[in-house]
Amino acid sequence: MKLASLNDGTLDGRLVVVSRDLQKYVDASAIAPTLQYAVDDWAHIKPKLEVLALKVESEDIGLEFKPGNVYSPLPRSYQWADGSAYLNHVELVRKARNAQVPDSFFEDPLMYQGGSDSFYTPHGPIELLDESWGIDLEAEVAVIVDKVPMGISAEEAPNYIRLIMLVNDVSLRNLIPAELGKGFGFFQSKPATAFSPVAVTPDEIESWSEGTIHLPLCVDINKQPFGRANAGVDMTFNFFQLIAHAAKTRELAAGTIIGSGTISNKLDGGPGKPISEGGVGYSCISEIRTVETINEGKPRTPFLQFGDAVEIWMDDKEGQSIFGSIKQTVKKYER
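Quick caveat, the model's predicted, so the values are computed rather than measured.

**A word on the packing of aromatic side chains**
Here is step 1: All told, the structure shown has six aromatic pairs when counted by the stated rule.
Here is step 2: Ring geometry for Trp80 versus Phe195: centroids 5.3 Å apart, planes at 85°, classification edge-to-face. Of this pair, Trp80 sits in strand 5 (residues 80-83) while Phe195 sits in strand 12 (residues 194-195); the two residues are 115 residues apart in sequence, bridging distant segments of the chain. Neither Trp80 nor Phe195 differs from the other in exposure class; each is buried.

**Quick notes on the sheet that holds strand 17 (residues 224-227)**
Here is step 1: The sheet built from five strands is open, its strands ordered 7-20-19-16-17 with mixed pairing. Each of the sheet's edge strands pairs with one partner strand only, and the pair in question is strand 7 (126-128) and strand 17. Averaged over all pairs of adjacent strands, the angle between strand axes in this sheet comes to 25°, irrespective of strand direction.

**Remarks on the nonpolar core**
Here is step 1: Val141, Val143, Trp208, Ile213, Ile243, Met314 and Phe323 are the most contacted members of the largest nonpolar core, which totals 67 residues.
Here is step 2: No other element matches helix 5 (residues 239-246), which puts five residues into this core.
Here is step 3: In this structure, Ile243 is in contact with Val143, Val145, Val148, Ile152, Ala157, Ile161, Leu252 and Ile258, ignoring residues within four places of it in sequence.

**Description of the environment of Leu163**
Here is step 1: Mapped onto the elements, Leu163 comes out in strand 10 (residues 161-168).
Here is step 2: For the pair formed by Leu163 and Asp315, sequence separation is 152 residues and the distance between their alpha carbons is 17 Å.
Here is step 3: Not counting the four nearest positions on each side in its chain, Leu163 is found in contact with Leu3, Leu35, Val39, Trp42, Ala142, Val143, Ile144, Ala199, Val200, Thr201 and Pro202.

**Let's talk about helix 6 (residues 285-296)**
Here is step 1: Between its terminal C-alpha atoms helix 6 stretches 16 Å, which fits the 16 Å expected from 12 residues at 1.5 Å a residue.
Here is step 2: Buried within helix 6 we find Ile285, Ser286, Glu287, Ile288, Thr290, Val291 and Glu292.
Here is step 3: Gly297, located one to two residues past helix 6, shows a positive phi value of around 95°.

**Quick word on unusual backbone geometry**
Here is step 1: In this structure, Leu22 takes a positive phi of about 65° despite not being glycine.
Here is step 2: Turning to its location among the elements, Leu22 is positioned in the loop between strand 2 (14-18) and strand 3 (24-27).
Here is step 3: The buried category is assigned to Leu22, whose relative accessible area is 11%.
Here is step 4: Positive phi values are uncommon outside glycine, yet Asn222 reaches one of about 50°.
Here is step 5: When its relative accessible area of 37% is taken as the criterion, Asn222 is described as partly exposed.

**Comments concerning the pattern of salt bridges**
Here is step 1: Applying the stated criterion across every chain yields a total of 14 salt bridges.
Here is step 2: Between Asp8 and Arg14 there is a salt bridge, with the nearest N and O atoms lying 3.8 Å from each other.
Here is step 3: Here the salt bridges share partners, and the residues they tie into one network are Asp136, Glu138, Asp169, Arg173 and Lys190.

What counts, and where the lines are drawn
Residues numbered from 1 in each chain as written. Predicted model: local features only at pLDDT ≥ 70, side-chain atom pairs only at ≥ 80, totals over all residues. Heavy atoms only, no water. Phe/Tyr/Trp six-rings, centres within 6.5 Å; stacked < 30°, edge-to-face > 60°. Helix = DSSP H or I, 4+ residues; strand = E, 2+ residues; numbered from the N terminus. Buried < 20%, exposed > 50% of the residue type's maximum accessible area, 1.4 Å probe, protein only. Pairing = 2+ DSSP bridges. Axes fitted to C-alpha atoms, helices over the stretch in contact; angles between N-to-C directions. Core = buried A, V, L, I, M, F, W, Y, C linked by side-chain atoms within 4.5 Å. Contact = heavy atoms within 4.5 Å. Expected span 1.5 Å × (residues − 1). Salt bridge = Lys/Arg side-chain N within 4 Å of Asp/Glu carboxyl O.

Structure follows, in C-alpha cells:
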C-alpha cells in the first residue's frame, strides 16, 4: 500500500491512497483525514485503507497522481530522529574535519533529533539564505513507526514499523564544525528535511529484509548521475537496531520518523569511487570532497549553489520507482 498527503492548503494535507505504479490516487479522507490520524489508529484504519488500495489496482477509478501536488507524507511530525548507520559515511565526514571515529561508534548508533515542525515538499525548493553555508544533500531511507514502548529490543522492533520512505536530509557543512565544537549537537546546521512523495508499507517492497532495503538509492545532481549506493550494503546498524536505540529511554509517539543516515558504500575496502570511475558514487557531496582531498590534496566538487537541482529515487528490480522522486532546486529564501 502506498500513501501520500495531498496539498489541499491545510497544514497536514489530505490522505490519499496511491496506485503501485504511482499513476493515480483516490481520496482516503473519509477513512482517515491525515496520515498522522491513520498511524495513530493503525490497527483499525489499515484494513480499510487496504480495501481502498485494492480498488485502485482492480477498478477504473482514481485521479492522476502528480508528485508536485503533495507534501512530504507527514508534512510535520511529532518527532524526527536521524541515525547514522553507515559508518563509511561517518568515517569520511569526520575525516573531513580531522576527527577520528571512536570504537564505541561500532557498538552504539549515532542519532540526532532533527526539526520536525515542518518539512520541505518532495518537489518544492530547498530555501536557504546563504550559499556559503555549504549546502549539501544527504540521501537516506526512513521508517515511520507506531507507538513504541520504552526499552524494546531490536528483535521486537519489526512489529512497530508501519511505513517506509526516502529522505533528503539537507546539511549545512560549513556550519557544522563550529556548532559541534560547542558540544551540544546539530541545530542551525540542519535545516528542513524533505521526504519522498509516497510512504510505502513494508510488504510492498520485495527487497525489504533484515531491517533494510537491498536496492540502490539513486541520486542525480543537475541531471548527472552522482550516487547509486546500495542501501542494503555496509549498513552497520539496521532499522530494528536504530528503533531500539531511539526507544532506550523513552516511548516513541506514533508517527515518529527514524532515518538511516546517509547511504554509503565502500569499494574494495576503500571509501568508494565516483560513478564515472566505476564506483557507485555517493549520497552526499561531503563524501566526494573528502575522497578528493585524500587523493588530490584538496576538494574540487562544490557544495550546492542556488539553481542546482537534486533528484533522489529508488527503483525496484523491474525498474519501477517505489516511492516517487524527491526533486528539489536550491533557491534563495525570501520572506
